[in-house]
Amino acid sequence: MTDTLTPVLTDNWGDERAWTLAAYEARGGYRALDKAFAMAPDAVIEEVKESGLRGRGGAGFPTGMKWGFIPQDNPKPKYLVVNADESEPGTCKDIPLMMASPHTLVEGVIISSYAIRANKAFIYIRGEVLHVIRRVQRAVQEAYLAGHLGTNIHGSGYDLDIVVHAGAGAYICGEETALLEGLEGRRGQPRLRPPFPAVAGLYASPTVINNVESIASVPSIIANGRGWFSSMGTEKSKGYGIFSLSGHVQKPGQYEAPLGITLRTLIDLAGGIREGHELKFWTPGGSSTPLLTAEHLDVPLDFEGVGAAGSMLGTRALQIFDDSTCVVRAVLRWTEFYKHESCGKCTPCREGTWWLVQVLAALEKGEGTEEDLDLLLDQCDNILGRSFCALADGAVSPVASSIQYFRDEYIAHLTQGGCPFDPARSTAWAGQEVTA
Amino acid sequence: MTLTQENLSELREIAARYPEARSGLLPMLHLVQSIEGRITPEGIEVCAEILDISAAEVSGVATFYTMYKRRPVGDYHVGVCTNTLCAVMGGDAIFDKLKCHLDVGNDETTEDGKITLEHVECNAACDYAPVMMVNWEFMDNMTPESAVELVDDLREGKEVRSTRGPRIVTWREAERVLAGFPDDLADEGPAAGPASLVGLEIARENGWTAPEAGQEESK
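Residues numbered from 1 in each chain as written. Chains lettered and ligands numbered in written order. Predicted model: local features only at pLDDT ≥ 70, side-chain atom pairs only at ≥ 80, totals over all residues. Heavy atoms only, no water.

The name that an unreviewed UniProt entry assigns to chain B is NADH-quinone oxidoreductase subunit E, with the source organism given as Nocardioides soli. In its Sequence similarities (unreviewed entry) section, the UniProt entry covering chain B states "Belongs to the complex I 24 kDa subunit family." (UniProt positions renumbered as here; feature names shortened; annotations may be inferred.)

An unreviewed UniProt entry lists chain A under the name NADH-quinone oxidoreductase subunit F, with Nocardioides soli as the source organism. Taken verbatim from the UniProt record of chain A, the Sequence similarities (unreviewed entry) comment is "Belongs to the complex I 51 kDa subunit family."

Right, here's the structure in full:
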C-alpha cells in the first residue's frame, strides 16, 4: 500500500539552500542524466510512455505519447518549450517548485530534450514572479558551468542550450499555442489547430510544450523506473502529483500525493475547514474546472474520477470556500477575470464573457429576474466549444456549475435585493477582531 | 531621454539569444521599461528598427501584455491580488484600504512618484492568500494593516524584504532582471515559505515516503 503522501518533487524543498546546484547534487541530482544518456532517445520516450505520466498542466495528455508525435524525419530543428506560465486561478505548484528546486526542472529539460532530439529548449516563465525567474536563471547558469548544459554534455556527444524567457502578463499565454506566439515576439493569441505544435510549433518546427511539473517528474521516472512511477496512483492516472490547497482550510499549502487521493483526506491532513464553518464549494483544478460541493468529498482526485463527477482534475488547484462565501460574488469575479484575459481573437469569447459579466453583475446587486439565470446558461451555450482555445470553455465552467448547485442562492439575491453575505466574514482575519 | 549606445547593444544582445530575433521582443520591451520607466515611443521605434518590423507591430505587442506600461510607473509597483480566492480571503478589503490610504485609483501613481497601485490577477501563491506583489516579489498573508505598513515603509525608503525573497529592488531594476540580465539576489530568501512545506512536514511526521525504487516489481 502506498503511503498517503509521497513527496518526490517536494522532497527537497525544506533543504538548506535547496535551490543551489550543490544542494541538488548532494542528494543525487543530475545522476538520472547519465542513465538517460546510456539509453537511446527512443528508449527514453518509451520509458516515459510506459510510466503512464500524463501532462500535469491540466489537460492530462500522455507525456510520452506527445513526445512520440515529433516527426523525427522532419529536417527542421526540434524544440522543447516548458510552459512555466502558471496563471490558472488557484494553481500554485510550479512557482514554489521552481523557487525551491529549479535544478529538478533543468535536469528534466535536459533529459526530455535529449529524448525528442532537441538542441534548444526554452523555459517560458510568467513575468510576474521575479524571484522565481532569478532562481531559474541562476540554475541554468550553474548547470552550464558544471557541464550539465552546453556542448558534449557529460561526454555524451549531446548538445543543449536553454533560454530562460520572461513573459509579460497574459493569462492566455498559458495556452500552448498562445505561448508560442509570445515566444515568437507576438501578441499572445492562440493558433488554429491542426497543425499541432508537434508538427509545426515554434518557428513552424516540431515542438513539444510541457508543463513544469510534467518535465520535473521525468528525472525521477528515469532514475527509478517506469514500474516505480506507475506503482503510485490509479489505473489510468499514474504517479504522484502536487495538490495545492488554498482558502478556508486550517493549513493551506502543497500536498504531494498519489493521484486518486480524495479531498476528504486532504482536508483532514490540512486540519479541517476553518473553525466553526463547513465546506460549501471547491474547484478541483482551478477556476476553469466546474465547481464541486461537499457531496464530492470522496471523489478520487484522478482524471477519470473528477471527470465522472462532472468536472476536471485540471491542475489539482483545490480552492476551498466555506459557508461564509457568496458563490455569486465568487463567480462574478472569475468571470471578470476571463473577460479581462480573453485575447479577443474569437467573437464568442470576447463578446460572450463581456455579456456574462453584465448579467452576473446585475444579479449580484439583486437586480434582474430569475429568467436571467436561463439567459446566463444560454450565453454559456453560445460560448462553450465555439472558440479556438479552452479559455472560453473555462469561462463558462463556474457560471454553469454554480447555477447547477446554487440556483437558490442566485434567487436569494433577487428576493433580498442584494447580496445576503457579509464579505468581512470570509476574510482570513474574520473572527480575530477585538469586539469592543 | 535618449537611449544610449550601450542600451542599443543590450537590446541587440537580447535578440541574439534566439534562433529568430523577433523572439527577443518581450524581454526587449522589459529592458525598455527598465531604462525609460515605461514603454516610450522611442523605445518602440528602436525595437522595431532592431527587429526589422514595423513600429505598429511592436506597439501591438506592447499594448497586449499587462506588464507593459504606457504611463510612468513609480519606484514601487504594488499589486493586490483581487482574483476570487484572494478577494474572498481579504484582497478586496486590502485594495480598498490602499486606494484610500494612498489616495489613488487602480493603476495610478502617488504624487511623490513612489508607488503605483494596481489590482492584479492570480499570481500563483493562493496558499498564502491574501497575496500582494511589490515589483513582482511575493508579499504573503497580508492584512489591511500590514499592507498600509508596507506602503508606508516603501515611501519612507526603509528596506523592505519579500516574505519569500530578497530585499525589494526598484521597479526599473526588476524589469532589467526580466529582460534576462540577472542581478545577484538569487541566493537571498528561503527555498520555500511555510505553506509550501506543510505537506512535506506531515509526511515526515508520519514517516510517509514515495515507494523505494526497485521494491514495486517484487510485490
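A.B. asks: Just checking my understanding: could you explain the pairing of strand S3 (residues 161–166) of chain A for this structure?
C.D. replies: On any regular strand, side chains alternate: one points to one face of the sheet, the next to the other face. Residues and elements named next belong to chain A. Of all six residues making up S3, five are buried, and the element is well covered by its neighbours. In this sheet, S3 lies alongside strand S2 (residues 120–125) in parallel orientation, the contact comprising six bridges. When the bridges of S3 are listed, Lys120 appears paired with Asp161. Handedness of the crossover is the feature at issue here: the chain leaves S2, passes through helix H7 (residues 130–145), returns alongside S3, and the resulting connection is right-handed. (Buried < 20%, exposed > 50% of the residue type's maximum accessible area, 1.4 Å probe, protein only. Helix = DSSP H or I, 4+ residues; strand = E, 2+ residues; numbered from the N terminus. Pairing = 2+ DSSP bridges. Right-handed = clockwise from strand over helix to strand, strands pointing away.)

A.B. asks: Explain the packing of helix H2 (residues 25–36) of chain B against helix H7 (residues 171–178) of chain B to me, please; I cannot follow it from the model alone.
C.D. replies: The packing of two helices is summarised by the inter-axis angle and the distance between the axes. Residues and elements named next belong to chain B. Orientation of H2 relative to H7, taken along the N-to-C sense of each, is 155°, at an axis distance of 8 Å. Between H2 and H7, the interaxial angle falls into the category roughly antiparallel. Crossing hand, H2 versus H7: left-handed. Residues Pro27, His30, Leu31, Gln33, Ser34, Ile35 and Glu36 of H2 pack against Trp171, Arg172, Glu175, Arg176 and Leu178 of H7. Across the contact of H2 with H7, the residue classes tally to five nonpolar, three polar and four charged. (Axes fitted to C-alpha atoms, helices over the stretch in contact; angles between N-to-C directions. Parallel < 35°, antiparallel > 145°, perpendicular 65-115°, else oblique. Left-handed = near helix turned anticlockwise from the far one by under 90°. Contact = heavy atoms within 4.5 Å. Nonpolar A, V, L, I, M, F, W, Y, C, P; charged D, E, K, R; others polar.)

A.B. asks: Just to check I follow, could you spell out empty space enclosed by the protein for this structure?
C.D. replies: Empty pockets left among the atoms are what a rolling probe the size of a water molecule brings to light. Tallying each qualifying case throughout the model produces two cavities of 30 Å³ or more. If you go around the largest cavity, you meet 14 residues; those closest to its centre are Cys81, Cys86, Cys122, Asn123 and Cys126 of chain B. Residue contributions to the lining of the largest cavity peak at three residues, all from helix H5 (residues 84–102) of chain B. Here the second largest cavity is characterised by a volume of approximately 70 Å³. Residue lining of the second largest cavity: Ile172, Pro190, Ser342, Cys343, Gly344, Lys345, Cys346, Cys349, Ser387, Phe388, Cys389 and Leu391 of chain A, and that is the complete set. Of the residues that constitute the lining of the second largest cavity, the class distribution is eight nonpolar, three polar and one charged. (1 Å grid on protein atoms, 1.4 Å probe; cavity = no way out; pocket = protein on both sides within 12 Å on 5 of 7 lines; lining within 4 Å. Points joined across faces, edges and corners; volume = space filled by probe spheres on them.)

A.B. asks: Before we go on, may I ask you to explain the packing of aromatic side chains in this structure?
C.D. replies: What describes a pair of aromatic rings is the distance from one ring centre to the other and the angle between the planes of the rings. The full count for this structure, using the stated rule, is 20 aromatic pairs over all chains. Their ring planes at 55° and their centres at 5.9 Å tell us that Phe37 of chain A and Tyr158 of chain A sit as a pair that is tilted. Of this pair, Phe37 of chain A sits in helix H2 (residues 31–37) while Tyr158 of chain A sits in the loop between H7 and S3, and the two are 121 residues apart along the sequence. The class of Phe37 of chain A is buried, set by a relative accessible area of 14%. Its relative accessible area of 8% is what places Tyr158 of chain A among the buried residues. An aromatic cluster is present here, built from Tyr79, Phe122 and Tyr203 of chain A together with Tyr18 of chain B joined pairwise through their rings. Sitting over the face of the ring of Phe181 of chain B, Arg176 of chain B holds its NZ or CZ atom 4.6 Å from the ring centroid. (Phe/Tyr/Trp six-rings, centres within 6.5 Å; stacked < 30°, edge-to-face > 60°. Lys NZ or Arg CZ within 6 Å of the ring centre and 35° of its normal.)

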